[in-house]
Structure formats: C-alpha cells, structure tokens
Amino acid sequence: MKRSLILVYGVLSYVIFFATFLYAVGFVGNYLVPVSIDGPPQVPLTQALLINLGLLTLFAVQHSLMARPFFKRWLTRYVPRAAERSTFVLASSLALIVLFIFWQPMGGVVWHVENQVARCTLHTISILGYGIVFVSTFLINHFDLFGLRQVWLNWRKREETPLEFGTPWLYRLVRHPLYLGFMIAFWAAPTMTIAHLVFALGCTGYILGAIQLEERDLADAHPEYRDYRRRVPMLIPRLGRRHKGGLEQTA
Ligand SMILES: C[S@@+](CC[C@H](N)C(=O)[O-])C[C@H]1O[C@@H](n2cnc3c(N)ncnc32)[C@H](O)[C@@H]1O
C-alpha cells in the first residue's frame, strides 16, 4: 500500500511538473497561455521589479537548497528516500506556479525585431533551446531526474543504484547543455521587454551560481569530474578538433 502510494505520488509530481514546464514555455514566449511574462503593467515599475525579483529568488533558493546533499539527508528523515526526488520536482513546480501567478508585467521595450523572417528565426531558436533542454534530460536520465525511476524501483522492491557520471553527446561539447538550452530559450526573444529582460538576467545569474554548487557536488561524488572540467568548456562550445570525451583546440 505504502509503495503504491509513493508510486502515485511520483507519477502525480511528474505530471504536475510536465504541465508546469509546458506552461513555462508559453509564459516566457507569450504563446497560447492566458497569463504570460508580458502584458499591461498593474503596479508601479519599482514595485513590479521588487515582486519579480522576489519570485525569482524564491525559485532559486528552493531549487538550490533542495538539490544539496545535506538537505536531501535532512529531508529523508521525514520523506521516504524513494520519494525525495519527486518532492524536489513537486516543490520546483509549485515555486514556478507561484511565479506565474504573481509575476508583474513591467512594460517598456528593450529591443523589438520588426523583420518577420528574423522574428520567426528567433522564435525557432528559442524553441530549439527548449529542445536542447529536453534532449539533455534524456542524456543524463530523464526518469531519474524527475523522480520516476526512484518510485518505480521502490514499487518493484528493487535497490536504487545511484546514477553514474556520464558525458554522452552534448556533454562532450559543454558541461551544462541543459542550462545552455534554457539560456538560449530565454534570450532568443524577438521582442525583449523589461520584464522579460529581468527574467532572462535573473535566470542567467541563477544558472551561473547553480553551476558552481552543482560542480562542487559532482567533483566530490565523481573524482573524474575534475579532469572533465579541465577538458570540456562550461557553456560555450569550443570550435576545434574532437578527441575522446571532449574537444581539442586547434590553436
Ligand atoms: C538539472 S540537471 C542539469 C545538468 C547539467 N548541469 C546541464 O546543464 O546539463 C542537474 C543534475 O544533473 C546531474 N549531472 C550534471 N552533469 C552530469 C553528468 N555529466 N552526468 C550525470 N549527471 C550529471 C547533477 O548531479 C544534478 O543532479
């Protein structure tokens, strides 16, 4: 009974995450959703800025704190180990939903591309960014990242083995393709409003900080990570000749 409940909890958390992720694509790109990042301002600019920075900080703190090993150790004193990742996924989705609800449009255009071909190209690049995110989750292990593997193994009474460190495909070009995908998706905007700029800058700052924490944990858990970090760039691929596990610079 308890294992079945944990399985249902994991699947529900995943479904909520997936719906939230799809909404996030529409929210940031102003596609097909009732409330998005842009719109008529409702409150004065400074107030809107403070609210939006607070919402971004809420997400950053939730995400960074809950991803740390010490927090996971503490959480699993109260939540079954198999449900820990699903709890992280659910909390991340809730933090995003709060952001969608309370986000304040700010007006003001930073840049606006008129040419329809260029606009279409930027939309396509942005969607490609989300594509890179999606593919990267499968390169690591989509089902583990979103907690489904853990609840499934628990339901089958199988031992949960930790994921091995790997450098498949995009991970040989850069160490953080998933984060790079998000940055591409957020910055490739045909119309960049002030609210969108605050969002893109906030997320970029968060990603750069999160990488430091994530890499410290990865280097502690996997001794080979230090060598990987020396060979493979963080976010911007090098133009050069390939060699095993990374790229070799030609000059
Ligand atoms: C949201 S994913 C982001 C992964 C990576 N930073 C990226 O941008 O592609 C974070 C999880 O991926 C794991 N991770 C990062 N790089 C990995 C790799 N090369 N192999 C296996 N797991 C990895 C981290 O331990 C963390 O649990």
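With an unreviewed UniProt entry as reference, the chain is termed methanethiol S-methyltransferase, source organism Marinihelvus fidelis. In its Subcellular location (unreviewed entry) section, the UniProt entry covering the chain states "Membrane". Within the UniProt record for the chain, the comment given under Sequence similarities (unreviewed entry) is "Belongs to the nurim family."

Caption draft 1: Examining the UniProt feature "transmembrane region" (unreviewed entry) in the chain more closely. Sequence positions flagged by UniProt for "transmembrane region" (unreviewed entry) are, in local numbering, residues 7-33, 45-66, 87-105 and 125-148. For residues 87-105, the end-to-end C-alpha separation is 30 Å, with 84% helix and 0% strand making up the annotated structure.

Caption draft 2: Here's a closer look at the pattern of salt bridges. In total, this model carries seven salt bridges according to the counting rule given. The partner of Asp144 in a salt bridge is Arg149, with the nearest N and O atoms 2.6 Å apart. A salt bridge links Asp227 to Arg231, with the nearest nitrogen and oxygen atoms 3.2 Å apart. Taken as a pair, Asp227 and Arg231 lie in helix α11 (residues 225-231) at a separation of four residues, close to a single helical turn.

Caption draft 3: How the structure looks around the site of the ligand. Around the ligand, the neighbouring residues are Ile140, Leu145, Glu164, Phe165, Gly166, Tyr171, His176, Pro177, Leu178, Tyr179, Glu214 and Leu218. Contact between the ligand and Leu178: an oxygen atom at 3.0 Å from a main-chain N or O atom of the residue. The protein chains hide 82% of the 570 Å² of surface that the ligand would expose on its own. Within the residue set of the shell around the ligand, elements represented by two or more residues are α9 (177-187) and α10 (194-221). When residues in the shell around the ligand are grouped by element, the largest group, three residues, is from α9. Residue composition of the shell around the ligand, by class: eight nonpolar, two polar and two charged.

Rules and cut-offs
- Going along each chain's sequence as written, the residues are numbered from 1 onward.
- Where local features are concerned, this predicted model is filtered to residues with pLDDT of at least 70; where side-chain atom pairs are given and counted, the filter is 80 or more; whole-chain, interface and lining totals use all residues.
- Side-chain measures here rest on the full set of heavy atoms in the structure, leaving out hydrogens and waters.
- UniProt positions are given in the numbering used here, feature names are shortened, and annotations may be inferred rather than shown by experiment.
- Each helix is a run of H or I in the DSSP string that is no shorter than four residues. Each strand is a run of E no shorter than two, and both are numbered from the N terminus.
- Only one rule defines a salt bridge in this text: a Lys or Arg side-chain nitrogen within 4 Å of an Asp or Glu carboxyl oxygen.
- When at least one non-hydrogen atom of a residue lies within 4 Å of a molecule or strand, that residue is treated as near it.
- Polar contacts, as counted here, are pairs of nitrogen or oxygen atoms within 3.5 Å of one another; within protein the pair requires one atom able to donate a hydrogen and one able to accept it, and residues that are adjacent in sequence qualify only if both atoms are side-chain atoms.
- In this description, accessible areas are obtained by the Shrake-Rupley approach with a 1.4 Å probe, and a residue is regarded as covered only by the protein chains that are shown.
- Following the grouping adopted for this structure description, the nonpolar residues are Ala, Val, Leu, Ile, Met, Phe, Trp, Tyr, Cys and Pro, the charged ones are Asp, Glu, Lys and Arg, and the polar ones are all others, Gly among them.

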